[in-house]
Amino acid sequence: MARTALQITRRNFLKSSLLGAAALSLGSGTLRPVAEALARAGLALPWFRKGQIKLSYNYCDMCPWRCGIVVHSVNGQVYKVDGNPADPKSRGMLCGRGQAAPSFMYDPDRLRAPMIRTGERGEGKFKEVTWAEALDYAAEKLRLTGQAFGPESVAVFGHTSGDFWFADYFAQAWGTPNAAKPSSSLCTSPREEAAKLTYGLPIGGHEPVDWDGINCITLIGSHIGEDSRNTVMQDFANAWGRGAKVIVVDPRFSTVAAKADYWLPIKPGADTALLLAWLNVLITEELYDKSFVAEWANGFDKLAAHVAEFTPEWAAPITDLSPDLIRETARVMAANLPRSSIIPGRHVTWYGNDTQRMRAIYIINALLGAYGREGGIYFSKSPYIEAYPHPPFAVTGSSGGCSAEPGQESDELPLGPSGKARADGARDKFLRGATAMQELIEPMLTGQPYPIKALIVYGTNLLNTVPNPQRTIEALKKLDFVLAIDVLPQEHIAWADVVFPEATSLERYDELWVVPHKTPYIAMREPAVEPLYDTKPGWWMARELGLRLGLEPYFKWQTIEEYLNTRLMSIGSSLDKMRAENGVIVQEGKPYLADFSDASPFATASGKLELYSEELAQAGFDPLPVYEPVDEPPQGYFRLLYGRHPLHTFAKTQNTPLLHELYPENEVWVNEDVGAGQGLRQGEYVWLENQDGARSGPVKLKLTQRIRGDAVYMVHGFGQMAPGLSNANGQGASDTKLQTVYKLDPISGGAGMRVNFVRIVKEA
Ligand SMILES: Nc1nc2c(c(=O)[nH]1)N[C@H]1C(S)=C(S)[C@@H](COP(=O)(O)OP(=O)(O)OC[C@H]3O[C@@H](n4cnc5c(=O)[nH]c(N)nc54)[C@H](O)[C@@H]3O)O[C@H]1N2
Ligand SMILES: Nc1nc2c(c(=O)[nH]1)N[C@H]1C(S)=C(S)[C@@H](COP(=O)(O)OP(=O)(O)OC[C@H]3O[C@@H](n4cnc5c(=O)[nH]c(N)nc54)[C@H](O)[C@@H]3O)O[C@H]1N2
Ligand code: SF4
Ligand SMILES: [Mo]
């Protein structure tokens, strides 16, 4: 049965907002009627209607989804961005954060000039210097650190869409395997490692869900709508509109739970018990895809024996869900197979046993026959394009460990020029996967397994992103050198020795955005306007630093256009050609469904879906997922849960004038009945104190029936303490500062962050 929802198209999506309506009138070139209407109303034309409109191609950097955009500017000023209709990730639409890109760019609090520290670390006292001074100084510090402790003693943290230049290219040219991205060990590592272990392919940046054909969508956590990735919301809305069944498992009645056929308000941390019970039902009631499993899966008998005891009755007291609800939802999932799957989720570093939970999810998808089939989980293909030619990197063995591509997983860890492997404890503290950012803090403090003495932080919100920020501050105090590259005076900037202010994504060229996808594609970024103030693009900084450090052979290009055109030439294109063709190259025609008549599509050692993991067994881990209870909140405490707000990204947009106006502070969600029992009042300000005595700033109470009584919830990214952020400073509470502990996932190196507890305090 189709629901009444409209198919989301560019036209009705735009019509649904005022901004969109304005975009339509402009896009269709009907300027004169607008001018006439304004004149009749006695209003002047706005400034952006009084000049030649320049359009530039870019990909949005307001969040890591990176939708293709068209930037509109007049007389050197950006006035709006639109979704690029040719771009597979935006399809001509944008989310609210994307629309705020000009507001982010024109934030008056931006970093304006290169700076060198004059006060103590953490004090935030700097002098503005020239680029030559800042670069010479930083290069000299890096050179001395490398000389004394080896190039591996420099760590590079990188995120946001320019991170390639530092966390990938510069790190590998310089020679450090200690490059890390928060999007791995603080986000996706468990799902990537579980996917490679179970079916031999990573998930990659774009979750390969065949939304067009799916008939039953199961979400574990994944709070689509609050997690406002543009195309995911479009795809979900379209599937829901077609009548696809929706099952949401979340201790909180999330936005998407309100659209669900079934909401399972699970006890936090009990998901693996639910997944095992679902497996039990699928197998004992023989509801799974038998021929698919017989042909393509290994270890079914062991799995069947393993889950025999995990009945819905067993799971009920653990999950706080009724056996009937568990049975019924398993039957709905199976009734729709193979057009039925559990969506792989994105932020999955929850409790430290996360790779096993993700394995259980993928095993269910295997039993549903969803892999490589229409309406299931497709196989992303990477676009073809050559790298810019460069000499072999100083880090040997692989990519610095933070951007490992499919098939690059090997037993050998990459090595720096002095023969040192990563210092994050890979293979020792955890089995496999990308470099774990939070584990690189430890060698800064202890010097073990070898000292990390310098840190380059590019586009990473160090003190709001990595749990246990107090430990990070202690580590920062011990370093010989800290270089921060950012656009805003975020909290960690005060701890840097040198600050490079970057031009924002609308003001610069950048590396191509090469996207494995159902329709693999390449997007470009070009500047719409000159950089504001004395800011420079990341590629320029990386090159200037490289030239000062004897890395000329890696930085042969004279201009960024030359770099980009050299790469594009390998596929018969160029920047000009891309501009003439809507700023995107879509490489059509690559198959995304498996050809099951051919060789196995599964790149595991056995060539089959590994329900039972031989690799985990050999490494001493449970070869089949096991439910491990999580610690209970102490008396009087709640488990601290967190998530997204549709109009904010992490801790980076709270200061953006437009978005600050729309949602200036976060709230703490507390169950209404529990709150009433404690004499709490709706909307009053309270403080939160965690199990180790860490305190939040004052935060507004939201008493609601939309959350269980044993947990509280808040939007991540607020509660920043950065005086230079005039809108965000001191607004709301910080989840990160209440996360004094995390639990390391021993398989993927992910940092489980939902293991902290808070109590509510009524005075400061
Ligand atoms: N607006 C916006 N959208 C974003 C981002 C952003 O910053 N802003 N960031 C993007 C990025 S990089 C990521 S990784 C994603 C993250 O978004 P998701 O991957 O959707 O994040 P999750 O952590 O899965 O989802 C948080 C949900 O999990 C629920 N939850 C908490 N504990 C449990 C539990 O024990 N079990 C279950 N079943 N549910 C639980 C919470 O109540 C909440 O509804 O969002 C992306 N989209
Ligand atoms: N407590 C807690 N921790 C989390 C999460 C959570 O929900 N709660 N989420 C986790 C997840 S899923 C992820 S993916 C990570 C995200 O981690 P981060 O990417 O570190 O998060 P942001 O707060 O967006 O930080 C981006 C930083 O880049 C800067 N920046 C913005 N644009 C540019 C630019 O053009 N150039 C440069 N050089 N800098 C720029 C911003 O000012 C900011 O300092 O956080 C993880 N950590
Ligand atoms: S989802 Fe929104 S913020 Fe993220 S890239 Fe797309 S438009 Fe930008
Ligand atoms: Mo993330």
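What follows is about the overall build of the chain. Secondary structure assignment for the chain yields 24 helices and 27 strands. For the chain, whose C-alpha radius of gyration is 26 Å, the value lies close to the compact-globule estimate of 27 Å for 764 residues. Across the 764 residues that make up the chain, the buried fraction comes to 60%. Excluding contacts between residues fewer than 6 apart, the proportion of contacts in the chain whose partners are at least 24 apart in sequence is 73%. Carbon and sulfur atoms make up 53% of the accessible area of the chain, which totals about 27,600 Å². Put simply, the chain has 76 plus and 87 minus side-chain charges, and the middle of one group is 4 Å from the middle of the other.

Our focus in this paragraph is the pairing of strand β23 (residues 699-704). Alignment of strand β21 (residues 667-671) against β23, held across five bridges, turns out to be parallel. Within β23, the residue paired with V670 across the bridge is L703. In this structure, strand β22 (residues 685-690) lies alongside β23, joined through two bridges in antiparallel fashion. Of the residues in β23, the one forming a bridge with Y685 is K700.

Taken domain by domain, the chain consists of domain 1 (1-45), domain 2 (115-187 + 382-586), domain 3 (209-377 + 596-618) and domain 4 (638-761). A straight line from the C-alpha centre of domain 2 to that of domain 3 covers 36 Å. Of the residues lining the interface, six residues belong to domain 2; the matching set on domain 3 comes to eight residues. Here domain 2 packs against domain 3, burying approximately 500 Å² in sum over the two surfaces, 39% of which is carbon and sulfur. The interface formed by domain 2 and domain 3 holds three salt bridges in total. For the side of domain 2 that touches domain 3, the residue count by class is three nonpolar, one polar and two charged.

With that settled, consider the site of ligand 3. Around ligand 3, the surrounding shell holds 13 residues, and the nearest of these are C60, C63, R66, C67 and C95. A breakdown of the residues in the shell around ligand 3 according to their chemical character gives seven nonpolar, three polar and three charged.

The next thing to look at is the sheet that holds strand β10 (residues 262-264). Overall, parallel pairing links the four strands, which are arranged β10-β9-β8-β12 in an open sheet. The open sheet has two free edges, formed respectively by β10 and β12 (340-342), since each of these has just one partner strand. Each adjacent strand pair in this sheet contributes to an overall mean axis angle of 10 degrees, direction not counted. Sheet analysis places strand β8 (residues 216-220) next to β12, joined by three bridges and oriented parallel. Following the sheet pairing, C216 is matched in β12 by S340.

By way of backbone hydrogen bonds, the strands of a sheet pair with one another, either parallel or antiparallel. Overall, mixed pairing links the seven strands, which are arranged β5-β4-β15-β14-β13-β6-β7 in an open sheet. Strand pairing shows two members of the sheet lacking a second neighbour, β5 (126-128) and β7 (179-180), which therefore form its edges.

What follows concerns the nonpolar core. With 109 residues, the main nonpolar core has I217, W278, L367 and Y371 as its most contacted residues. If you tally residues by element for this core, the top one is helix α10 (residues 271-284), at 10 residues. Beyond its immediate chain neighbours, meaning those up to four positions away, W278 contacts T218, I220, I247, V249, L264, I326, T329, A330, M333, I342 and I364. Y169, A173, I456 and F481 belong to the second-largest nonpolar core, a separate cluster that totals 53 residues.

In this section: the site of ligand 1. Around ligand 1 sit 33 residues in total, of which D250, D271, Y351, H648 and R754 are the nearest. Within the backbone of G221, one N or O atom sits 3.5 Å away from a nitrogen atom of ligand 1. Measuring from an oxygen atom of ligand 1, one finds a side-chain N or O atom of R252 at 2.8 Å. Burial of ligand 1 by the surrounding chains reaches 99%, relative to a free accessible area of 920 Å². Grouping the constituent residues of the shell around ligand 1 by class yields 14 nonpolar, nine polar and 10 charged. Of the residues that make up the shell around ligand 1, three or more belong to each of domain 3 (209-377 + 596-618) and domain 4 (638-761).

This paragraph deals with the pattern of salt bridges. Scanning all chains against the criterion turns up 47 salt bridges. Between K477 and E474 there is a salt bridge, with the nearest N and O atoms lying 3.2 Å from each other. You can see K477 and its partner E474 sitting in helix α18 (residues 469-478), three residues apart, about one turn around the helix. With a shortest N-O distance of 3.1 Å, E689 and R759 are connected by a salt bridge. Here E689 is found in strand β22, whereas its partner R759 is found in strand β27 (residues 757-761), with 70 residues between them in sequence. According to the relative accessible area criterion, R759 is partly exposed, its value standing at 31%. Taken together, the shared-partner salt bridges connect R191, E192, E207, D227, R229 and R346 into one network.

The interhelical angle for the contact between α10 and helix α13 (residues 312-319), taken along N-to-C directions, is 165 degrees, at an axis separation of 9 Å. With respect to α13, the element α10 is oriented roughly antiparallel. As for the relative orientation of α10 and α13, their crossing is left-handed in sense. For the pair α10 and α13, contact is made by A273, L274, L276, A277, N280 and V281 and by P312, W314, A315, I318 and T319, respectively. Tallied by class, residues from the contact of α10 with α13 come to nine nonpolar, two polar and no charged.

Before going further, it helps to spend a moment on the packing of α10 against helix α12 (residues 300-307). Where α10 meets α12, the closest approach of the two axes is 9 Å, and the angle between their N-to-C directions is 115 degrees. Classified by the angle between their axes, α10 and α12 sit roughly perpendicular to one another. With respect to the hand of their crossing, α10 and α12 are arranged in left-handed fashion. Contacts between α10 and α12 involve L276, L279, N280 and I283 on the former and, on the latter, F300, L303, A304, H306 and V307. The residue inventory of the contact of α10 with α12, partitioned by class, reads seven nonpolar, two polar and no charged.

Each value, and the rule that gives it
Residues numbered from 1 in each chain as written. Chains lettered and ligands numbered in written order. Predicted model: local features only at pLDDT ≥ 70, side-chain atom pairs only at ≥ 80, totals over all residues. Heavy atoms only, no water. Helix = DSSP H or I, 4+ residues; strand = E, 2+ residues; numbered from the N terminus. Rg over C-alpha atoms; globule rule 2.2 N^0.38 Å. Buried < 20%, exposed > 50% of the residue type's maximum accessible area, 1.4 Å probe, protein only. Contact = heavy atoms within 4.5 Å. Areas by Shrake-Rupley, 256 points an atom, 1.4 Å probe, with all protein chains shown as cover. Lys, Arg positive; Asp, Glu negative; His and termini not counted. Charge placed at Lys NZ, Arg CZ, Asp CG, Glu CD. Pairing = 2+ DSSP bridges. Domains from an automatic or database assignment. Buried area = accessible area lost by both parts, 1.4 Å probe. Salt bridge = Lys/Arg side-chain N within 4 Å of Asp/Glu carboxyl O. Nonpolar A, V, L, I, M, F, W, Y, C, P; charged D, E, K, R; others polar. Near = heavy atom within 4 Å. Axes fitted to C-alpha atoms, helices over the stretch in contact; angles between N-to-C directions. Core = buried A, V, L, I, M, F, W, Y, C linked by side-chain atoms within 4.5 Å. Polar contact = N/O pair within 3.5 Å; in protein donor to acceptor, adjacent residues only side chain to side chain. Parallel < 35°, antiparallel > 145°, perpendicular 65-115°, else oblique. Left-handed = near helix turned anticlockwise from the far one by under 90°.

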